[in-house]
Structure formats: structure tokens, C-alpha cells
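Structure at a glance
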Amino acid sequence: MKTLLKFLMIAFLTMQGQAQEILVSGTITDESALPLPGVNIIVKGTSNGTQTDFDGNYEITAEVGQRLIFSYIGYENEEHQITSKTTQISFAMRAGSVLHEVVVTGYAATKQRKSTSYSVNKITSESIGTKKGYASENNISRTLTGRSPGIAVTYGAGLGVSNNRVMDNSYVSTDRESYAKIDENIFKMVQFAPLSTFSIDVDKAGYSNIRRMINNGQTIPQDAVKIEEMINYFSYNYSEPKKKEPFSIDTEMASSPWNKDAKLVKIGLKGKDVQTEGVPGSNLVFLIDVSGSMGSENKLGLLKPAFGVLVDQLREQDKVSIVVYAGAAGVVLPPTNGIEKNVIMDAIENLSSGGSTAGGEGIELAYKLAEENFIEKGNNRVILATDGDFNVGASSDRAMEDLIVEKRNSGVFLTVLGFGMGNYQDSKMETLADKGNGNHAYIDSMQEARKVLGKEFFGTMYTIAKDVKIQVEFNPNKVQAYRLVGYENRLLNDEDFEDDKKDAGELGSGHTVTALYEIIPVGVKSDYLKNIPDLKYTRSSSSNTSELLTVKFRYKEPDGKKSKLIVKTLMDNEREFENASQDFKFSAAVALFGMQIRKSDFVNKLNKNDVIKLAEAGRGSDKEGYRAEFIRLVKSYW
């Protein structure tokens, strides 16, 4: 009897030791000691996981005896066992392999879910619609997508799954993601089309969305690659605007780093910085999608702390209302003073998801509330947070466009924040932002939330110039042909430039905007140009032969109705690209990467080393590490 009691006591103490939970933290870097954000950390055999933040730091709670698996696209997986003395695990990941698969395991045992600071996702046979241990492929893929950090899902063979299943991490189910079709800009002959006109674009969703796909090992849809949004994700060190101007203009030209027959021209704008002192009050309406499709951790679960970053920026002169929509729309928080942060956050934290998506009804109600509380000379804005999956009421891109065009006449601006994956409706989000005098960002992590809603809050929320259009006139004595890199969905007719009724993009406080042109000089033969018959009737040109091009800008004040004009001329002063500015080199690197991943007709080879070399040369001081992160993404993609 004593022997049995002794045995049971030892077994009990052993089980207690094994069940002991400890908090493990650390920092993960690459081999160059640079922090790696987005490293997936999973407790082996469970769905308990987290990711490193922008500085490579993480925290996770695990039991003594369990093992942590560290994985990152393009790097070797690492496993580390937890002991009673383990408090920190930090190391440099070794490059060399691509993460090919993850194992998702279901368990019958139950355990109380504890409150933690990281993402905990419990995936069971019931939650994925299994029957007698076998899972429907459609159910398992739709349920797992977005449920656990770094776990990507694809359709494939082998439905007979009981307790576990191996899934290919090369592709993610994106069958319900939607992107507007992009027809890549071609070279145009100056003789027949001397003008190039487009709207500026300060949206940055394209880059963070692609980053999400690369980090998850997805195939990137060609139409998801919006090169202008990739370039404009990064800030550039352009000159400060003059006192009376809302933005400065920066131009530069050098030989093209990827096309020996061409030159590359950079046109850059920088908006003046608006400081918090003296800035008028904000009338903000948070319009939050709480439909059933928003239920995952990377949607509503991420949205709540992300909006906490925004709420932290509010002041006493600001006020916030909250409208939600699912099967119907309703007000969950009437206009509330910005210093009542706890009240605002309580309303956000209490949100839960369920039902269909009455997006049109939600927009109607949000604008109504914004108009009723309008602040003259203030910042009046609806901030929509959604995956864009509208399926009730006005849901087509055209119907939503008509609704937003009608609402923008109220003087209320629009910010669209995208969340989630699997059913992300980028085309709808882009339509809403473009037509609503607004901007569009994609929040894939808390690091991105802190960037968009923290560091860049005033640039995102405070418009300093609206309907900003650019028109470039090329000198036919110097330029044979030109091609605008990106901006395919922002092109305007030449006559739209002087039409003040034509909508265009908005420029926010401190924002930089960059556009690149490839140009082929007169007399240069290029494989990209096809022969066109000579014209019988042509207009003789008396252009100044030393001018390469003239850039014209039109913009309105935030509450203005008549546009103002600024003109800038670029002289023909060619130089080798290695002598170009760091900002020029880096923007060219991002453009080249975008062209490579969308398999552009205008690059002859797909070589990541060309991108890395350019990006390293243009990296500069990079105090916040965004350019270093780009270089890591490029290295991990192929």
C-alpha cells in the first residue's frame, strides 16, 4: 500500500511539473543580427502560437517539457525545448530553406483557455466540421485560414484525415479574395501622346497585403501587385515645402537600372507636416464590420488592439462615434469626447461578430452621424474597418462607388482599413477609398497598426490637399517614348487635368508620393517600341531643346472647390544610376521587385539579386527598419 501511495505521489508531482506554465520571451534575428518580424512560433503539437513583432521580439506561454518551433519563409526551422529554467530563447535564424509544410493537430483533451498577450487559437474537429474524425476539405480550409499565425491552407488531395493533416504552405486559399484587373502600362510614343495624366496615390495597402502573402508562403495574384502602392509604402527624404505651399516637388533622372535603352525619371511630392498644436478638432466615426466573416483573430481580433493605437492619439477637442454593421447597422457609441478613452475602448472591446454584411446600410448611417456632428474647418472622417466582403444591400463595386460619390459631397473624408485573408475584397476597398476622398491601408499585424494609426496618424487622418493630379508633357525633341510605372488604376484623360469636377487623390500631412517613368530617348532603338507609320499631318514643335519634360500639378485646399496650379521643369541632365540619390535607388528597387513578381513584360529577367543590390545601395539610415524588412522579403520570396 505504501509503495502504491509513493508511486502515485511521484506520478502526481511529475504531472504537476509537466503542467507547469512559464512565460518565454526572446528576440529573433537573421544572420546579420537584424530583427526578423513575423517569425511564427508554435508550441509543438498544439495550435498555441504567436509571431515576433517588428523588432523581432516575442512572448509566449508554454508548459515545461513542451517544444517551441520557430519558422520563417526562407529560413531553417528551429526547435527548442522548454525546461523549468527556460525564460528566454533568442537566436539568429539560418537562411537556406523554404518553409514547406505545417502540421495542424486536433486533440480530444480540453483545457481552460487563459488570458494571454499573444494569439491563441484552438482548432478542434467540431470547429472544422468533421464527422467521425474525417474532415471536409472545404470546411477545414475555410476554418483554418487566418485562425493561427503563419498557418496557410490550400486545397489538395487526401481528405481522409483523422487526428492530423499535413498542409502545403506554398499556397493559401484565396478563392474569395478579389482584386481589380490591372493592364500594365505600355510605352507610348510622344509623337502621338505627348501628355501623361494621372491621380496621385497615397494608399499603401498593396505592399502590406503582398507582405502578408510572402510571409504566409502564398502565390501572389498578379492583380494584387500595385507597384505605386508598394513604392509609396516607404517615406522618402524629399525637401520640405515652402511656407505657403502644401507640398514640395522633387525630380531626378538617371539611366535605367534594368533597361539599357531607357532612362528612369522620378517625380516626388512631400506634404507639409501638421503638428498636433493648433490642429482643429476631429469628428471621427468608426464604422466597424462585425459580420460573421470578421470573426477570426486576424480580423476583429486584430482590429480591437489596432483601434486602441488610434484612440491613444485622440485629444479633448476630438470626438468619436461608433457604428457597426452585420445583418443590419446600428450606433453602439454616440459622439464621445476624445479624452474618454476608456469609454471608447470598452465599446470596441465588447464587439463580437455574427450575421451577414449590410455594408451599404452601415455607410449610410456612418455618414449621417458624421454630418450631424460636422466640425467646420475640422477633420470630419469616417474610418471603415472591414474585410470588404459586402453581401447585403449595395454590394457591387459600381453600387458602392455611386453611394460613396454621393456621400463625399458632404465634406466628410473616408479612411478604409482592410483586415484578414481568404475573402479579402481589395477591389471594393480600393473603390471606396478612391471615390470617397480617402485612403486605404491593409493591417496585417500590430506593427502595421502602429505605423498607420500611430506614427503616421496625422498623415493618414489629416488631408492637406485634395484632388491632386499630375500631368507630364514630354519634349519630342528629347523623348521618343515613355512608360508610367504603376498607377494603372489611377490614369486620367488628359482633359481631366483642368476639370475641377474630376475627382483625384488626397495628400496627407507629411506624406510623400513618388512616381517613376521609364523614357526612351530620341534616336535609341528599343525592342519595346513597334514601328508606327509616319503621319501626314504633324504639328511642328518649338520646344526648348534643353528641357526633357514639364510636370504640372493641380490641387485643391481640403475645403476648396477651385484647383491651383504648380509647374516644374526637368532638364536633360543624364547620369549613371550609381550616382543617383539613395531614395531614387530604393524606389527603383521596389518598382523592379513589383515588376518581377507580376512577371512584367518590361524586365528581361527575374533576378532577386538585382533588387537586393539596388535596395542595399538605397537603404540609407533606415532608422525604423522598413527598408531592411523589404530586403528580407525579397530574399525570402525565391
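So, a few notes on the structure that sits alongside this text.

With that settled, the discussion passes to empty space enclosed by the protein. Counted by the stated rule, this structure contains three cavities of 30 Å³ or more. Reported here for the largest cavity is a volume of approximately 90 Å³. In terms of residue count, the dominant contributor to the lining of the largest cavity is strand β19 (residues 438-443) (three residues). The class makeup of the residues in the lining of the largest cavity is three nonpolar, four polar and three charged.

Moving on, we come to the sheet that holds strand β15 (residues 319-325). The sheet built from six strands is open, its strands ordered β16-β15-β14-β17-β18-β19 with mixed pairing. A single partner strand is all that each edge strand has here, and the edge strands are β16 (329-337) and β19. Neighbour-to-neighbour, the strand axes of the sheet open up by a mean angle of 15°, direction not taken into account. Sitting on the sheet, helix α5 (residues 300-311) is in contact with β14 (282-289), β17 (379-386), β18 (413-419) and β19, with an inclination near 175° to β14.

This part covers unusual backbone geometry. With a phi close to 55°, Lys-599 is a non-glycine residue in the positive phi region. With respect to the element layout, Lys-599 can be found in the loop between α12 (582-597) and α13 (608-617). Judged by its relative accessible area of 56%, Lys-599 is exposed. Positive phi, normally seen in glycine, also occurs at Asp-622, with a value near 45°. With respect to the helices and strands, the residue Asp-622 is situated in the loop between α13 and α14 (626-637). The buried category is assigned to Asp-622, whose relative accessible area is 16%.

It is worth spelling out the packing of α12 against α13 at this point. Relative to each other, α12 and α13 sit at 160°, their axes nearing to 7 Å. It follows from the interaxial angle that α12 and α13 lie roughly antiparallel. α13 is crossed by α12, and the crossing has left-handed handedness. Contact with α12, carried on its side by Gln-582, Lys-585, Phe-586, Ala-588, Ala-589, Leu-592, Phe-593 and Gln-596, involves Lys-608, Asp-610, Val-611, Leu-614, Ala-615 and Ala-617 of α13 and no other residues of that element. Within the contact of α12 with α13, the residues separate by chemical class into nine nonpolar, two polar and three charged.

Let's shift gears to the sheet that holds strand β1 (residues 21-29). Taken in spatial order, the three strands of this open sheet run β4-β1-β7, and their pairing is mixed. Only two strands of the sheet have a single neighbouring strand rather than two, namely β4 (57-63) and β7 (91-92). Here seven bridges tie β1 to β4, and the two strands are oriented antiparallel to one another. Across the sheet, residue Ser-25 finds its bridge partner in β4, namely Glu-59.

Before going further, it helps to spend a moment on the pattern of salt bridges. A full pass over the atoms with the stated rule returns 35 salt bridges. The salt bridge partner of Asp-444 is Arg-211, with a shortest N-O separation of 2.8 Å. Of the two residues, Asp-444 is situated in the loop between β19 and α10 (446-455) and Arg-211 in helix α3 (residues 205-215); the sequence distance between them amounts to 233 residues. Of the two residues, Asp-444 and Arg-211, both sit in the buried class. Of the charged contacts in the structure, one is a salt bridge between Asp-250 and Lys-266, with a shortest N-O distance of 3.1 Å. Taken as a pair, Asp-250 in strand β12 (residues 247-255) and Lys-266 in strand β13 (residues 263-271) lie far apart in primary sequence, 16 residues in all. Put simply, Arg-211, Asp-444, Glu-448 and Glu-629 are held in one network by salt bridges that share partners.

What counts, and where the lines are drawn
- Residues numbered from 1 in each chain as written.
- Predicted model: local features only at pLDDT ≥ 70, side-chain atom pairs only at ≥ 80, totals over all residues.
- Heavy atoms only, no water.
- 1 Å grid on protein atoms, 1.4 Å probe; cavity = no way out; pocket = protein on both sides within 12 Å on 5 of 7 lines; lining within 4 Å.
- Points joined across faces, edges and corners; volume = space filled by probe spheres on them.
- Helix = DSSP H or I, 4+ residues; strand = E, 2+ residues; numbered from the N terminus.
- Nonpolar A, V, L, I, M, F, W, Y, C, P; charged D, E, K, R; others polar.
- Pairing = 2+ DSSP bridges.
- Axes fitted to C-alpha atoms, helices over the stretch in contact; angles between N-to-C directions.
- Contact = heavy atoms within 4.5 Å.
- Buried < 20%, exposed > 50% of the residue type's maximum accessible area, 1.4 Å probe, protein only.
- Parallel < 35°, antiparallel > 145°, perpendicular 65-115°, else oblique.
- Left-handed = near helix turned anticlockwise from the far one by under 90°.
- Salt bridge = Lys/Arg side-chain N within 4 Å of Asp/Glu carboxyl O.

Read these as geometric descriptors, not functional statements.
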